[in-house]
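In case you want the letters, here they are:
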Amino acid sequence: MNKQQGRTPLLDAMVHYVAEGALPFHTPGHKQGKGMAAPFTAVMGSKMLRYDVSLMSELDDLHQPQGCIKEAEQLVAELYGADDSFFVVNGTTGGIQAMILTIAGPGDKIIVPRNAHRSIISGIILSGAIPIYIYPEIDQELGIAMGVTTAVVEEALKKHPDAKGVLLINPTYYGVASDLAAIVALVHSYELPVIVDEAHGPHLKFSEQLPVSALDAGADICAQSTHKILGAMTQCSIVHCREERIDVERLKKMLQLVQSTSPNYILMASLDVARMQMGTEGPRLIGKAIKLAEYLRCEVNKIPGLFCFGSERMDRPGSYSLDLTKVTVTVRGLGITGMIAEKFLRSQYKIQAELCDMFNILFLITLGDSKHEIDVLLDALRQLAVQLKQAADFIAMAEAAAQPMPCLPEQVLVPREALFRSKTAVPFRQAAGKVCAEIVAFYPPGIPLICPGEKITLEMIDYCLALKQAGMNVSGPEDYLLNRILVVA
């Protein structure tokens, strides 16, 4: 790595400012901790509060960087091979919204996977764009959505050659990656840009054992959750782009639109330091995490009733490669749900998983883990397999999850229009023919069944009620019991 990657220009500027001892007559109001309430100071410490600083000239401006922030962002761009990189301090949600707003406006089409995160839906709503949904592949045995195939993307492009771009999720929450390079080449043959929600892949750059990163696959713009896997603080993300197909000045304006004018400098400094850590030690740290994850995966597969998929499953449609640091433990063989397993681990062993669904619990192995933590988790999983027995309703749940999904609903209104129209709540059983004003999804596999602006069908109502009766978790609607649903009045 370039020796310049050992620098931390933003952190250094903050340290210098505080060391100078300037008398603060500026925000924030706690004045470097002197006015902070004692209970907070007792927990967080007074030293950290001194670095909660603001927009002084020597500390630069996130929205018009000319000094230390600009230097820090240039170092990020150099590390990831981007033409431009930008700090984002309100999570990858803001980055994804800005990317969508950069390429699409009111009435423009954008091709997106149906299992889009709510940040993608919110970006589409803000832009007024028309989503053209494509379905990812579903692994019925695991009960999770995988990636999209090149063929599905090509079919959408042929039907909608007037689309403004294609948005991909790579890798998925469970670490599954599509054949991103092939899809990017296809989309570029249509002279369209590729946006990648790479929230779960800021570490991919640093190991050849992992899926190819978005930029290395040729994508035009991507957003990464630096806080999810690397060493930045929560809310900290980065947007990278290449300039050939992206209007960088428009992107800057959109980032200003969705971000605070008072960004937290401690958060930004953690981005600066996380980049430095990857620039100087990235391959070693990520290599260590992969080794631990593979050890965990191997040992879990020795436990009767548990299963942990790996690279051997990456020869199926939508499953091209796997982020090995995402360890999905399937508990279906025990006849219990992932929710039951997660509750057991948390209550009995004080272990908190990243997420759970009908059949699985997901664990993230990062640069912060050691063999000690992995062995503690393994001991707990061995006890789980011994102590927990099949839930009485598990078979019904599994059968419901295996049912084929109904056809994609008709889109009557763009999501933005559905959001701002007058709404009314109606009994879900009586909603056939009405236009939905909210999202309805079930886990597994977490794919929205109905989105804002789509016509609710009787077939979809029956399908959703069957999933609900089987005990599956509904997500999205205001009434989480799904007795009523919001529709356009």
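In the block above lies the structure referred to throughout.
What comes next is a walk through the structure. Here the residue numbers are simple positions, counted from 1 along each chain's written sequence. Residues qualify for local features only when their pLDDT is at least 70, as the model is predicted, and side-chain atom pairs are given and counted only at 80 or more; totals for whole chains, interfaces and linings, by contrast, use all residues. To obtain the side-chain values, all non-hydrogen atoms of the structure were included, while hydrogens and water were left out.

### Some points on the packing of aromatic side chains
Phase 1 of the analysis: In summary, the pairing rule links any two rings of Phe, Tyr or Trp, Trp by its six-membered ring, whose centres are within 6.5 Å, and it sorts them by plane angle into stacked for under 30 degrees, edge-to-face for over 60 and tilted for everything else. A full pass over the atoms with the stated rule returns 2 aromatic pairs.
Phase 2 of the analysis: Centre to centre, the rings of tyrosine 80 and phenylalanine 206 are 5.6 Å apart; their planes meet at 80°, and the pair counts as edge-to-face. Within this pair, whereas tyrosine 80 is found in helix H4 (residues 68–80), its partner phenylalanine 206 is found in the loop between strand E8 (194–197) and strand E9 (221–224), the two being separated by 126 residues in sequence. The exposure classification of tyrosine 80 matches that of phenylalanine 206, with both residues buried.
Phase 3 of the analysis: Each ring, one from phenylalanine 344 and one from tyrosine 349, has its centre 5.8 Å from the other, and the planes form 50°; the classification is tilted. In this description a helix means any DSSP run of H or I spanning at least four residues, a strand means any run of E spanning at least two, and both kinds are numbered starting from the N terminus. The rule is simple: take the accessible area with a 1.4 Å probe, protein chains only, and divide by the maximum for that residue type; under 20% is buried, over 50% is exposed, in between is partly exposed.

### Description of the pairing of strand E2 (residues 109–113)
Phase 1 of the analysis: Summarising burial for E2: 4 of the 5 residues are buried, a large majority.
Phase 2 of the analysis: Think of it this way: DSSP has to see at least two bridges between two strands before they count as a pair. The sheet contact formed by E2 and strand E3 (residues 130–134) spans 5 bridges and is parallel. Within E3, the residue paired with isoleucine 111 across the bridge is isoleucine 132.
Phase 3 of the analysis: Clockwise travel from the first strand over the helix to the second, with the strands pointing away from the viewer, marks a crossover as right-handed. Taken together, E2, helix H6 (residues 118–127) and E3 constitute a β-α-β crossover, and its handedness is right-handed.

### Looking at a nonpolar patch on the surface
Phase 1 of the analysis: There is a patch of nonpolar side chains on the surface, built from Phe40, Val43 and Met44 and spanning about 300 Å² of accessible area.
Phase 2 of the analysis: Considering the arrangement of structural elements, one finds methionine 44 in helix H2 (residues 38–44). To count toward a patch, a residue needs a relative accessible area over 30% and no salt bridge; like charges are then connected within 9 Å, while nonpolar side chains (Val, Leu, Ile, Met, Phe, Trp, Tyr) are connected within 5 Å. Only the protein chains shown count as covering a residue, and every accessible area follows the Shrake-Rupley method with a 1.4 Å probe. Between Lys or Arg on one side and Asp or Glu on the other, a salt bridge is scored when a side-chain nitrogen of the former is within 4 Å of a carboxyl oxygen of the latter.

### A look at the pattern of salt bridges
Phase 1 of the analysis: As enumerated under the stated definition, the model contains 21 salt bridges in all.
Phase 2 of the analysis: With a closest N to O distance of 3.4 Å, lysine 109 and aspartate 162 form a salt bridge. Highlighted residues: lysine 109 in strand E2 and aspartate 162 in the loop between helix H7 (150–159) and strand E6 (166–169), separated in sequence by 53 residues.
Phase 3 of the analysis: Residues joined in a network through salt bridges with shared partners are Asp139, Glu141, Arg313 and Arg316.

### Considerations on the sheet that holds strand E17 (residues 440–443)
Paired through their backbone hydrogen bonds, the strands of a sheet run either parallel or antiparallel.
Phase 1 of the analysis: Read across the sheet, 3 strands follow the order E18-E17-E19 without closing on themselves; strand pairing throughout is antiparallel. Each having just a single partner strand, strand E18 (448–450) and strand E19 (473–475) make up the two edges of the open sheet. If you compare each strand with its neighbour and ignore which way they point, the axes differ by 35° on average.
Phase 2 of the analysis: Here E17 pairs with E18 via 2 bridges, running antiparallel. The partner of alanine 441 across the bridge, within E18, is proline 448. An axis is simply a line fitted to the C-alpha atoms; with a helix, the fit covers only the stretch in contact. Between two such axes, the angle follows the N-to-C directions and lies from 0 to 180 degrees.

### Some points on unusual backbone geometry
Phase 1 of the analysis: Here the residue pair threonine 27 and proline 28 is connected by a cis peptide bond, since its omega of 0° sits within 30 degrees of zero.
Phase 2 of the analysis: Tracing the chain through its elements places proline 28 in the loop between helix H1 (9–20) and H2.
Phase 3 of the analysis: Geometrically, the link from asparagine 170 to proline 171 is a cis peptide bond, its omega value of -5° lying close to zero.
Phase 4 of the analysis: By the element assignment, proline 171 lies in the loop between E6 and strand E7 (176–177).

### Looking at H1
Phase 1 of the analysis: A rise of 1.5 Å per residue sets the reference length of H1, with its 12 residues, at 16 Å; its end C-alpha atoms lie 17 Å apart and thus fit the reference within 8%.
Phase 2 of the analysis: Within H1, burial applies to Pro9, Leu10, Ala13, Met14, Tyr17 and Val18. Along H1, the residues classed as buried sweep out an arc of 165° about the axis, all on the same side. Here a helix's expected span is defined as the number of its residues, less one, multiplied by 1.5 Å. This arc corresponds to the set of directions leading from the helix axis out to the C-beta atoms.

### What about the layout of surface pockets?
Phase 1 of the analysis: In this structure, the largest pocket spans a volume of roughly 960 Å³.
Phase 2 of the analysis: Secondary structure elements with two or more residues in the lining of the largest pocket: helix H5 (91–103), H6, helix H9 (226–229), strand E14 (355–356) and E17.
Phase 3 of the analysis: With 4 residues, H5 is the largest single contributor of residues to the lining of the largest pocket.
Phase 4 of the analysis: Across the lining of the largest pocket, the residue classes tally to 16 nonpolar, 14 polar and 7 charged.
Phase 5 of the analysis: The volume enclosed by the second largest pocket comes to roughly 390 Å³.
Phase 6 of the analysis: Two kinds of site are reported from a 1 Å grid over the protein atoms alone, namely cavities, where a 1.4 Å probe fits but cannot get out, and pockets, open sets with protein on both sides within 12 Å along at least five of seven lines, and residues are called lining when an atom falls within 4 Å of a point. Around the second largest pocket, the lining comprises 20 residues; the ones closest to its centre are Pro65, Glu73, Ser85, Phe86 and Lys252.
Phase 7 of the analysis: Among the secondary structure elements, those contributing two or more residues to the lining of the second largest pocket are H4, strand E1 (84–88) and helix H10 (248–258).
Phase 8 of the analysis: Ranked by the residues each element gives to the lining of the second largest pocket, the list is headed by H10, at 5 residues.
Phase 9 of the analysis: Class assignment for the residues of the lining of the second largest pocket results in 6 nonpolar, 7 polar and 7 charged. Grid points are joined across faces, edges and corners, and a volume is the space filled by probe spheres set on the points. Here the term charged refers only to Asp, Glu, Lys and Arg, the term nonpolar to Ala, Val, Leu, Ile, Met, Phe, Trp, Tyr, Cys and Pro, and the term polar to all other amino acids, Gly among them.

Distances and angles like these do not, on their own, reveal function.
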